[in-house]
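Chain and residue survey
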Amino acid sequence: MVRDTTLSSRIADIIIIIILLIGALSCILPIWYTLCVSLSEKSAAAAGMVKLWPIGFNFNSYEQIIGDRKFFNSFWTSVKRVILAGGINFIVTVLMAYPLSKEKKEFPLRNVFMWILIFCMLFNGGLIPWYITVRSYGLINSIWALVLAGGLPIFNVILVVNYFRNLPKELEEAALIDGAGPWYILFKIFVPLAIPVLATVTLFTIVNHWNEFFHGLVLMAKEERYPLQTYIQQLVVVIDTSAMTEDQYKRISELSNQTLNAAKVFIAMIPVLIIYPFLQRYFIHGITLGSVKE
Amino acid sequence: MRNKKFINHYYLMLLPGYIWLILFSIIPMFGIVIAFKDYNPGVGIWKSEWIGLENFKYMFLLSDSKNIFINTVFISTMKIIGNLIVPLVFALLLNEVRISALKRGIQTIVYLPHFLSWVILSSILLDVFSYTGPVNQLLLAFGKEPILFFAREDLFPWLIVFSDVWKNFGFNAIVYISALTSINPSLYESAAIDGATRLDNLRYITIPGIMSTIVLLGALSLGNVLNAGFDQVFNLYNPLVYSTGDIIDTWVYRMGLLNMQYSLATAVGLLKSAIGFVMITLSYYLASKYANYRIF
Amino acid sequence: MAKRLLIFVLLIALIVLPACGTSNTTENTPTNKTDQIADNNSSNEGSSQETPDPFGKYEETVVINIGKSVDPTAKLPDGDTHENNQYTRHIKEHLNIEVRHEWEAASGNDYNQKVNLAIASNDLPDAMVVNNTQFRQAVRAGQLQDLTEAYDLYASPVMRQMMDKTEGRAQEAVTFDGKMMALPNLPVPDDGYSLMWIRKDWLDKLGLEVPMTVDEIEEVARVFVENDPDGNGKDDTVGIIGPQSGGLLYANFLSSTNITYGFGPIFTAHKAFPGFWLKDSDGKIVYGSILPETKEALAKLRDWYEKGLIDKEMGIRKDSSELMSSGQAGIFFGPWWMGYAFSDAVNNNPDANWQAYASPLDANGEYNTTMGAVSTEFLIVRKDYEYPEAVIKMNNLLIRDESKFDLSKGGPGFYPLRVPMAAPDESKVTIDALRDVLNGNKEPEDFDDPAYAPYKLLLNDVENVRDVKLEPYDNTDIQYWDLEARDGAWMRLYSLLVGAAPIYETEMNRVYSEIYYQTKTIESRWANLQKLEDETFMKIIMGAAPLDEFDKFVEEWKKQGGDIITAEVEEAVKE
């Protein structure tokens, strides 16, 4: 690509970079702060004394969380969940997006199906009917509850539909002339071209399922089956002080354990941060459209 | 047309997704009738007493409801605008960066605050804006009086909006960033040959190239016009800022705290969904009629 | 092509469909519950007995499926689980009851969510322990079993004794339409009191006396703020800590216990009892927050705030205990058990000597206090469970045998369906015992006696105290405690000897609320009234509204449902 190297352009470059760096700095400071808290002495954190450096550097909170066998159980549950959900979401999203990206003349009921999705995205019966439904399917305490009960990822589908719609029509026409059917077109042509958006929605799915803790709490009956975030968030429990017992008084001293709270954030973040750069290259660099002869 | 014979295949493709939708979205949706009933768990959804619009009337008759409604609309509208513009601008700026490592580095960093829950972030925010915190110290350095930020009714909504936009812009930008990659690079090349400046590129290639994404995200976000962000407000508000900070969701939460009012909560949810749906439909219709453009 | 498609669809189906069929818990569907008891094909043990035995062992094993709150960090010996430990084995051995967990959740918010969901989706386990709101919801939904008969026939004499000691209050809390719908807990009443906690080391350093009146507190707070008692050279000392964001200014009739960093004692010292339902001199019901005394107390607090004696960021700050832990503040009002919260404070400042007093006294030199609700937890049994008396027996057993368990193998929180019942004088007896042992008047072994059986933790406490408390024994200052001994047992003993002692050594005017639950209109209107109250009072104190805003508040409160509710409470109390 031809570089524009005039002075004003250079200055613009520098200004842009400065703005971005300031933005990045503002984002990293709270993260850095949380990291410092997680590595600090509990009492210091409780007193709000930790600012930009850990005080009383130690790994205690991390040990406390990771040292437990239950941690690995729930970690593994989350991994399973993410893999299953990622796979199913990917396939279903792609399958849904293709027909919905067609024009009305090719697929007359397309608008109906589309609006049903929009409707379902906005309306829901609330927590109780949803819970009763999931329970009636016998999914309570099963990993499939975690994978499926969240429902179809409608927003992701719409994103992919939008992307498909913007792909050049010539691609399809060329394939049709060669006698290709819709399945071939979808999987052999559209999907490879849609890598950026597919990487994006895969990322959303992974992040979503990894961070999700509420379903884990209500759909799993016992701790052994909790996914990671549900397991971790119960360690830093807010005690209902309206009814305290002797053991709970003891837990009061845990109440102000902000180091634990902070450590939990990082442990949860790490796997996604590992995946992220891996996916990042798919939607930053994209792919060349050179395969298409204009 | 030649594609008509593929219709059966289209149905087949839609099948798994729609089964999933029916099982987990549509069937539970029938429970929305709770909004019109006095839900008694002992007898179940269907046998609970029908009270029609009582729940809705109750909502509107409360002295504060107008105020709560206005707060909600104000905060969420500002958020919608902020969450559309800032990530977009950020994605465009990032697009200009040539050094790949820097680009990826910055992108990874700004993505991070999205992961912090509001429970943690609220502590940080309250700290940063506290009476003796860095922001007030900055004010002092400029000779101004320190401000008790989170006690101020006039400032509270803005604090909410700005912190939310800040938290999410990195994440929200991802969609734009990925959309930017789908613009054909040869367009930029031919533009360069024609002597186009960066601004020209922006106006004639970049923005049009991702316009459909921008419009789509804009329209969809209108569906959230009554979701001002419960988690965030709940963790940041206090009685001093109730008048501008109390939103529909925090109000419903407090109702539910004292008494598990599922009927009311469902009624409110229904109202929010209905208004959001109307907004989306309206924007679709307007775009279709006046710009001849189908958003989705 | 179509073939590949078919295979694809089948694959998806194969994955999804079996999931619909599996259920990893067999106890989920209602029919299964009674099926379990099909094992026990003999008739009800209860009805075939002539004389009901409170500790009667069932002939055939009775299974009970419960919801259980757990402490995920609690340690158990190897091989033990939440469902299988010394307590559950004890129950199996003595009563032939097998306890199964339909679900477990971390105590606190998680457990509450699960309970709420269970009630709202009409899927109650056989029994579980719930809070007041959940209890009333379940009663109204008709989901609970009448326990009157089970209690009458099977409650042990000790249990009856403890219930009777509350002068009928406990029974009242669980009775609807003359029927007893739950077994209530009887916690030690200490949780309802707020003591004044103060940095005694600062008082000593600055040569001040312990303040016992409102004016004295004001003076001491002023000196704290101005004289930099922590000696760090910064003008950052806070006189009095205020509630944190979401915290309460004072106890109210719905949240009447364990108020931390509130100003309750300041209100009561003005003979104001906001948040409580009272009887005025004519015997009519009135809500404490709208009375003129409350306005006076607000004026005083407003004055204090303006003078900088109270934390400037009260009500906004995320965590008020930071001020306490960092050694920045000198005074706060809180419950007796704050000893458990001091370890951070002491870590950061070994000199931090927090002592507690029943202060301030009112203009007549008397100490007034609000009292907490008698019961805060309720053991409920679902309507169709066949063995309601089982839960009574389980608690009989607990009361009788609690002191016999080895706490190192798991604390009493593991005991299923436990509604802690304490003798109301438990703290007093414990405090006296501790002092006797410290003085050498008694030996720890003296308390290994059936007479002390109702006081379950007593033996443990007296065994610990000589190691935990250093000489001089009658000085409770922080330096005379060993913080490492006996696994941190100082926290409890400190809380008792410092925090709870003033409760039992001070003459007090005890004010109860006429009701501690919600009437019909309270349920629908209270959130709004509460908001009005919180907003007005906080603004008045922090100077964002003038004092006379109070009068407007009273008017609004009455108009927006306050009068209706007052009439309703009047009715409810008459019954």
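Residues numbered from 1 in each chain as written. Chains lettered and ligands numbered in written order. Predicted model: local features only at pLDDT ≥ 70, side-chain atom pairs only at ≥ 80, totals over all residues.

1. Considering the overall build of chain B
- In terms of helices and strands, chain B carries 14 helices and 2 strands.
- With respect to the principal axes defined by its C-alpha atoms, chain B has extents near 75 × 70 × 35 Å.
- Within chain B, buried positions represent 42% of all 296 residues.
- A fraction of 68% describes how many contacts in chain B between residues 6 or more apart in sequence connect residues 24 or more apart. (Helix = DSSP H or I, 4+ residues; strand = E, 2+ residues; numbered from the N terminus. Buried ≥ 20, exposed ≤ 12 C-beta atoms within 10 Å, placed from the backbone. Contact = placed C-beta atoms within 7 Å.)

2. Some words on the interface of chain B and chain A
- In this complex, chain B contributes 72 residues to the contact, which on the side of chain A involves 71 residues.
- Put simply, the parts of the chain that give the side of chain B that touches chain A at least two residues each are α1 (7-29), α4 (65-95), α5 (100-111), α6 (118-128), α8 (156-180), α9 (185-193), α10 (198-222) and α14 (262-290) of chain B.
- Counting residues per element, the side of chain B that touches chain A draws most heavily on α1 of chain B, at 15 residues.
- Residue composition of the side of chain B that touches chain A, grouped by class: 47 nonpolar, 19 polar and 6 charged. (Nonpolar A, V, L, I, M, F, W, Y, C, P; charged D, E, K, R; others polar.)

3. Focus on the interface of chain C and chain B
- The interface is formed by 33 residues belonging to chain C together with 27 residues belonging to chain B.
- Sorting the residues of the side of chain C that touches chain B by element identifies α1 (2-21), α5 (109-120), α6 (132-140) and α21 (520-541) of chain C as the ones contributing at least two each.
- Sorting elements by how many residues they give to the side of chain C that touches chain B places α21 of chain C first, with 9 residues.
- Across the side of chain C that touches chain B, the residue classes break down as 12 nonpolar, 12 polar and 9 charged.

4. Observations concerning the domain arrangement of chain B
Residues and elements named next belong to chain B.
- Structurally, chain B comprises domain 1 (1-52) and domain 2 (62-290).
- Contacts between the two partners involve 6 residues from domain 1 and, on the opposite side, 5 residues from domain 2.
- Considering only residue class, the side of domain 1 that touches domain 2 consists of 4 nonpolar, no polar and 2 charged. (Domains from an automatic or database assignment.)

5. Some thoughts on the confidence of the model for chain A
Residue and element names in this part refer to chain A.
- Of the residues in chain A, 87% reach a pLDDT of 70 or more, and the chain-wide mean stands at 83.
- Here helix α14 (residues 246-255) stands out as the element of chain A with the lowest mean pLDDT, 60, in contrast to helix α7 (residues 143-148), whose mean of 94 is the highest.
- Residue range residues 286-294 is modelled with pLDDT below 50. Its contacts to residues more than four positions away, or to other chains, number 7 contacts. (pLDDT = per-residue confidence, 0-100.)

6. Brief notes about the sheet that holds strand β7 (residues 195-199) of chain C
All names here are of chain C.
- Taking strand neighbours across the sheet as the criterion, the 4 strands line up as β8-β11-β7-β12 in an open arrangement whose pairing is mixed. Unpaired on one side and paired on the other, β8 (238-240) and β12 (354-357) mark the two borders of the sheet. Neighbour-to-neighbour, the strand axes of the sheet open up by a mean angle of 25°, direction not taken into account.
- Looking at chain direction, β7 and β12 are connected through 4 bridges and run antiparallel. Directly across from Arg-199, in β12, lies its bridge partner Trp-354. (Pairing = 2+ DSSP bridges. Axes fitted to C-alpha atoms, helices over the stretch in contact; angles between N-to-C directions.)

7. Quick notes on the pairing of strand β14 (residues 378-381) of chain C
Residues and elements named next belong to chain C.
- Side-chain alternation along β14 places Phe-378 and Ile-380 on one buried face and Leu-379 and Val-381 on a second face that is also buried.
- Relative to β14, strand β6 (residues 183-184) is paired through 2 bridges, and the arrangement is antiparallel. Within β14, the position partnered with Pro-184 by the bridge is Phe-378.

8. Concerning the nonpolar core
- If you look at the biggest cluster of nonpolar residues, it comprises 311 residues, and the most contacted ones within it are Val-160 of chain A together with Ala-127, Leu-379 and Ile-380 of chain C.
- For this core, the element with the highest residue contribution is α8 of chain B, accounting for 11 residues.
- The residues touching Leu-379 of chain C, leaving out its near neighbours within four places in the chain, are Ala-127, Val-129, Ala-182, Leu-183, Val-391, Leu-417 and Val-419 of chain C. (Core = buried A, V, L, I, M, F, W, Y, C linked by C-beta atoms within 7 Å.)

9. A short note on helix α1 (residues 7-38) of chain A
- The terminal C-alpha atoms of α1 of chain A lie 46 Å apart, and with 32 residues this matches the ideal 46 Å at 1.5 Å per residue to within 8%.
- Here α1 of chain A has its buried residues at Leu-20, Gly-23, Cys-27, Pro-30, Tyr-33, Thr-34, Val-37 and Ser-38 of chain A. (Expected span 1.5 Å × (residues − 1).)

10. So, the pairing of strand β2 (residues 97-106) of chain C
Residue and element names in this part refer to chain C.
- Burial analysis of β2 places 8 of its 10 residues in the buried class, the great majority of the element.
- When strand β1 (residues 62-70) meets β2, the two strands line up parallel, connected through 9 bridges. Looking at the pairing, Val-62 lines up with Ile-97 of β2.

11. A closer look at unusual backbone geometry
Residue and element names in this part refer to chain C.
- Following Ser-359, the chain continues into Pro-360 via a peptide bond in cis, with omega recorded as 0°.
- Residue Pro-472 follows Glu-471 across a cis peptide bond; omega there is 0°.
- One non-glycine residue, Asn-122, lies in the positive phi region at around 60°.
- Along the chain, the position of Asn-122 falls in the loop between α5 and β3 (127-130).
- Notably, Lys-271 is not glycine yet its phi reads approximately 60°, a positive angle.
- Take Lys-271: it is sitting in the loop between α12 (264-269) and β9 (277-279).
- The class for Lys-271 is partly exposed, based on 18 C-beta atoms found within 10 Å.

12. Examining α6 of chain C
- Burial runs high along α6 of chain C: 7 of the 9 residues are buried.
- Residues of α6 of chain C that are buried: Asn-132, Thr-133, Gln-134, Phe-135, Arg-136, Gln-137 and Ala-138 of chain C.

13. Points about the packing of α1 of chain A against α5 of chain B
- For the pair α1 of chain A and α5 of chain B, interaxial distance at closest approach is 8 Å and the crossing angle is 40°. The angle between the axes of α1 of chain A and α5 of chain B places the two elements in the oblique class. At the point where α1 of chain A passes α5 of chain B, the crossing takes the left-handed sense. Side by side, α1 of chain A and α5 of chain B meet where Leu-20, Gly-23, Ala-24, Cys-27 and Ile-28 of chain A of the first sit next to Ile-106, Ile-109 and Val-110 of chain B of the second.
- Looking at the contact of α1 of chain A with α5 of chain B residue by residue, the classes come out as 7 nonpolar, 1 polar and no charged. (Parallel < 35°, antiparallel > 145°, perpendicular 65-115°, else oblique. Left-handed = near helix turned anticlockwise from the far one by under 90°.)

14. A word on the environment of Gly-247 of chain C
All names here are of chain C.
- Along the chain, Gly-247 turns up in the loop between β8 and α12.
- Through-space distance from the C-alpha of Gly-247 to that of Gly-262 is 7.7 Å; in sequence the pair is 15 residues apart.
- What Gly-247 contacts, discounting residues up to four positions off in sequence, is Thr-260, Tyr-261, Gly-262 and Ser-320.

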